[in-house]
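Residue strings, one per chain:
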Amino acid sequence: MPAWGPPPGAPPQGWVFPPTGGYPIGSGPYGGQHWYPGPPAAGWYPPGIDPSDRLVTPPGAGLSGWFNRCLGALQRGWRLLLPILLLTQVLPAAVLSVLSLGLDPTAEWDTNAVDESTSLPDNFFTDLASLFLVIIVGSVLIGLVQSVGWAAGSWVITRQAAGGPVSLGEALRYGVRRALGLWGWTLAISLIVGLGICFCILPGIYLTFALSMAGPVYLFERHNPIGRSFRMFHDRLGLLLGRVALVGAVVIVGTFVASVLEGVGTAPFGVDPLAAPGSAIGVVLVLALGAVLALPAYLAQMVGLLVTYAEQRAHEGPVNSAGLAAELG
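Turning our eyes to something else, we now look at the overall build of the protein chain. Counting secondary structure elements, the protein chain contains 12 helices and zero strands. When the helices and strands of the protein chain are read in sequence order from the N terminus, they spell out α-α-α-α-α-α-α-α-α-α-α-α. In the protein chain, which comprises 329 residues, the share counted as buried stands at 39%. Intrachain contacts of the protein chain at a sequence separation of at least 6 include 71% that bridge at least 24 residues. For the protein chain, the accessible area works out to roughly 17,100 Å², and carbon and sulfur atoms hold 70% of it.

Below you can see the structure in the form of structure tokens.
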């Protein structure tokens, strides 16, 4: 008769479940440490973790597991995510671009400029202040619309992973309910990151990474998103830094390509393209196309950060797609 003992791949002696400590729920024992002792043995996962979960990357699955879940979320949800992002990200960005172009005073300055004059144009500071005011206020208001999209998209991705029914109307209604709170935290985070960039570029970059989980934390946990995001970042620095860096690289490349193509497309229309109906229609179409070309960057950001958040939660305690969908409400 074989001697009794732990099965192959079982956790080491001394490991207990459930883990103790950890507040708030999901933060893991003892102030955010791993709730299991190190990397799991091959083929073994902590209790409560389903290695086949479509959203939550289990501990030890690595970059391939994270990437597969990002790809799966896109394959399942693109039919709903595209109209959500078109309405809440692309359309507002295109409207702001057209408004900024219409208020750009450089064409008037060039027209009224005196040859070889070194003096500033009349109303220089007034025109410049008006342009900046429109851009800042427009960006803040557009942020509220964008928050609807981020909340709605997160709801779609999570519900689909849990196997629940989804629709565009339900997603947008959920996004509207959660948009105001998410918008407020987004403004606070933008201010913090902006101050970091003003002091030096490196603090701004650090704050961007450290606060990257604040949006998902607010949507799922509704508690201290800034503090929780900082703790996630520092508890698993290498893992989160790598994931967010990949997402950021895709976003930077996507938006840069869209900006370059937009600049090339608007150049033939001159410095005052809205002066004539024909050129106005052409430049508006170019700006709209440029906003659409940035759509893959929005998709990568939404899906990548959400899957990264779910992976962080798996390192803190038992979690699955169904539980995360229930947390969203």
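Think of it this way: side chains of opposite charge can pair up when their charged atoms draw near. Going through the model one piece at a time under the given rule, you end up with six salt bridges. Salt-bridge contacts for R228 lead to E221; the nearest nitrogen and oxygen are separated by 2.8 Å. According to the relative accessible area criterion, R228 is buried, its value standing at 3%. Because the salt bridges share partners, they merge into one network encompassing E221, R228, R236, R313, E316 and E327.

Within the secondary structure, A297 sits in helix α11 (residues 295-314). The spatial distance from the C-alpha of A297 to the C-alpha of T255 is 6.5 Å, given a sequence separation of 42 residues. Setting aside anything within four residues of it in sequence, one finds A297 in contact with V251, G254 and T255.

Between its first and last C-alpha atoms helix α9 (residues 237-266) spans 42 Å; for 30 residues at 1.5 Å apiece the expected length is 44 Å, and the two agree. Looking only at α9, the buried set comprises L240, R243, V244, V247, V251 and A258.

Summed over the entire model, instances satisfying the criterion amount to four aromatic pairs. For the pair Y206 and F230, a centre-to-centre distance of 6.2 Å together with 45° between the ring planes defines the contact as tilted. In this pair, Y206 is assigned in helix α6 (residues 201-210) and F230 in helix α8 (residues 225-235), connecting sequence segments 24 residues apart. On the basis of relative accessibility, which here comes to 24%, the residue F230 falls in the partly exposed class. With 5.9 Å between their ring centres and 65° between their planes, Y206 and F233 make a pair best called edge-to-face. Pair noted here: Y206 is in helix α6 and F233 is in helix α8, with a separation of 27 residues, a long-range link. Taken together, Y206, F230 and F233 form an aromatic cluster joined through their ring pairs.

Averaged over every residue, the pLDDT of the protein chain is 83; the share at 70 or more is 81%. With pLDDT under 50 throughout, residues 1-35 is counted as low confidence; its partners more than four residues away or in other chains account for 55 contacts.

What counts as what
- Residues numbered from 1 in each chain as written.
- Predicted model: local features only at pLDDT ≥ 70, side-chain atom pairs only at ≥ 80, totals over all residues.
- Heavy atoms only, no water.
- Helix = DSSP H or I, 4+ residues; strand = E, 2+ residues; numbered from the N terminus.
- Buried < 20%, exposed > 50% of the residue type's maximum accessible area, 1.4 Å probe, protein only.
- Contact = heavy atoms within 4.5 Å.
- Areas by Shrake-Rupley, 256 points an atom, 1.4 Å probe, with all protein chains shown as cover.
- Salt bridge = Lys/Arg side-chain N within 4 Å of Asp/Glu carboxyl O.
- Expected span 1.5 Å × (residues − 1).
- Phe/Tyr/Trp six-rings, centres within 6.5 Å; stacked < 30°, edge-to-face > 60°.
- pLDDT = per-residue confidence, 0-100.

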